[in-house]
Amino acid sequence: MELQPGREAIVRVAVATLWSSPEAVRPVDGPALTAGADIPTWVRGMDTDQQVGDCVLSQLLLGERVLIDELRPDGWARVVAVEQPAAKLDPRGYPGWLPADQLTTVDLTVSGDPLVVDATVTGLHAAPGGPVALAGVVVGTRLVPAGPARDGWREVHVPGQATPLWLPDGQLVPVPTEPPTAADALAVAQRLLDVAYIWGGLSAYGIDCSGLVHLAWRRFGVLLPRDADDQAVATTPLPLGAERPGDLYFFARPGRKIHHIGIVTAVADDPTDRRMLHACYRRRRVLEEQLPADRAATLVGVHRV
C-alpha cells in the first residue's frame, strides 16, 4: 500500500526529524534527511549555533504514528505527529514536514501488546547476536513482539522491514499499566546527562528542554504535550516550596509565555538551593545544577505530572 493523504503512516527509521518546512533545511541537515536518517552524524556535524536552528520542530521515534496531510512530488510529506500533543498548533497533534521515505504504511497484520525499549540507545539485529540491521533506536520506542524470548533475545516487528529483527530481551520491558512515580521518570531523564542540546531534539543523540520531559514520561506510556507551555497546562500546579524530585520547574520572562522547563532534582527546604536537571540552551547540553540567579528570577511555577 502506498502512502496517501488522509491516512495514517508510521516512522520506519530510528529517529525522524520534524521540520518547519522543506525549504528551511540547511546544508548541515543532510544526514538527517536521508532514507536512513543518520542522526548521530547530523548532530556531530553541527556547531553550537546550528544546534538551535528553528527549522527543527521535533523528532519522532521508530513506529510513531503520523497522519499524512499532504505528499509533495519532491518527496516531502506534511504530517501531524498524533502522539505528540500540541493543542495550540493543531488539536490532532504536532504538525510539520518529514521526508516521505522515512515513513511506511501501517501494517494491519501486525498486532499485539507492544513492548518499550528501555536501553538508552540500542540496535536491532538481523539475527540473535548477528549484525545490526537498524542502529540508533532510543529509549521510549515501542515495538510489537513477533514471538517469545529465546536465549536472551526477542524478535520484534519493525516498520518497513520485511522480516522481524532482534534485540536483547533485557532491553525491552512491558508498557506500564500504572502511572510512573516521579522518581521513575527522573531516573530516565538522568540517563541523558551530557546529551547535546538540539532545538526540537527528542532522542539520546540530542534533545531540548521540553523534549527531555516528554521523553522521560513517554518511556512509561504517559504522553505529555511536546512544548513547555503546553506541558504547564497539562500538569498540576504546586506551591513553591512543595516540590519534590521529579516535579517540574517552569520559567517565563515578565509578560511572556513559558519558555523553559526543568526537572526538580532536590527537595527545596531552602528556596535559595533549588536544583534541576534540564537541557540547557546556553550550555548546549543536558546538565544538573543549582538554579542560577537569572533562572531563579524567571521561575514562575512548579508542577507535578
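The preceding data block contains the structure.
In this text, all values refer to a predicted model and were calculated from it rather than measured experimentally.

Criteria and cut-off values
Residues numbered from 1 in each chain as written. Predicted model: local features only at pLDDT ≥ 70, side-chain atom pairs only at ≥ 80, totals over all residues. Heavy atoms only, no water. Core = buried A, V, L, I, M, F, W, Y, C linked by side-chain atoms within 4.5 Å. Buried < 20%, exposed > 50% of the residue type's maximum accessible area, 1.4 Å probe, protein only. Helix = DSSP H or I, 4+ residues; strand = E, 2+ residues; numbered from the N terminus. Contact = heavy atoms within 4.5 Å. Arc of directions from axis to C-beta. Salt bridge = Lys/Arg side-chain N within 4 Å of Asp/Glu carboxyl O. Phe/Tyr/Trp six-rings, centres within 6.5 Å; stacked < 30°, edge-to-face > 60°. Lys NZ or Arg CZ within 6 Å of the ring centre and 35° of its normal.

## A look at the nonpolar core
- One finds Trp19, Trp42, Leu124, Ile207, Leu212, Trp217 and Ile263 to be the most contacted residues of the largest nonpolar core, which totals 61 residues.
- Considering each element in turn, this core owes the most residues, six residues, to helix 4 (residues 209–218).
- In this structure, Leu124 is in contact with Leu62, Pro131, Val132, Ala133, Leu134, Val137, Leu143, Val156, Val158, Leu165, Trp166 and Leu167, ignoring residues within four places of it in sequence.
- Core analysis: the next-biggest nonpolar cluster, separate from the first, contains 17 residues, Ala9, Val11, Ala100 and Leu103 among them.

## What about the side chain of Thr122?
- Tracing the sequence through the fold places Thr122 in strand 9 (residues 121–125).
- Looking at Thr122, the relative accessible area reads 9%, which means it is buried.
- Excluding residues that lie within four positions of it along the chain, Thr122 makes contacts with Val117, Ala135, Gly136, Val137, Leu167 and Gln171.

## Section: helix 3 (residues 182–190)
- Among the residues of helix 3, Ala185, Leu186, Val188 and Ala189 are the ones counted as buried. Along the axis of helix 3, the buried positions cluster into a sector of 155 degrees, meaning they face one direction only.
- Lining the buried residues of helix 3 we find helix 4, strand 19 (260–264) and strand 20 (275–280).

## A closer look at the pattern of salt bridges
- Considering all chains together, one arrives at 25 salt bridges under this definition.
- A salt bridge links Arg26 to Asp29, with the shortest nitrogen-to-oxygen separation between them at 2.8 Å.
- With a shortest N-O distance of 2.9 Å, Arg92 and Asp90 are connected by a salt bridge.
- By relative accessible area, which is 12% here, Asp90 ends up buried.
- Linked through salt bridges whose partners overlap, the residues forming this network are Asp69, Glu70, Arg78, Asp90 and Arg92.

## Here we look at the packing of aromatic side chains
- Going through the model one piece at a time under the given rule, you end up with four aromatic pairs.
- For the ring pair Tyr197 and Tyr281, a centre distance of 5.7 Å and an interplane angle of 80 degrees mean the geometry is edge-to-face. Separated by 84 residues along the polypeptide, Tyr197 in strand 15 (residues 196–197) and Tyr281 in the loop between strand 20 and strand 21 (285–290) bring together distant segments of the chain.
- Ring geometry for Tyr249 and Phe251: centres 6.5 Å apart, planes at 65 degrees, overall edge-to-face. In this pair, the class of Tyr249 matches that of Phe251, namely buried.
- Counting every residue linked through ring pairs, the aromatic cluster contains Tyr197, Trp199 and Tyr281.
- It is Arg72 that lies over the ring of Trp97; its NZ or CZ is 5.3 Å from the centre.
- It is Arg284 that lies over the ring of Tyr281; its NZ or CZ is 4.8 Å from the centre.

The analysis is restricted to geometry; functional conclusions fall outside its scope.
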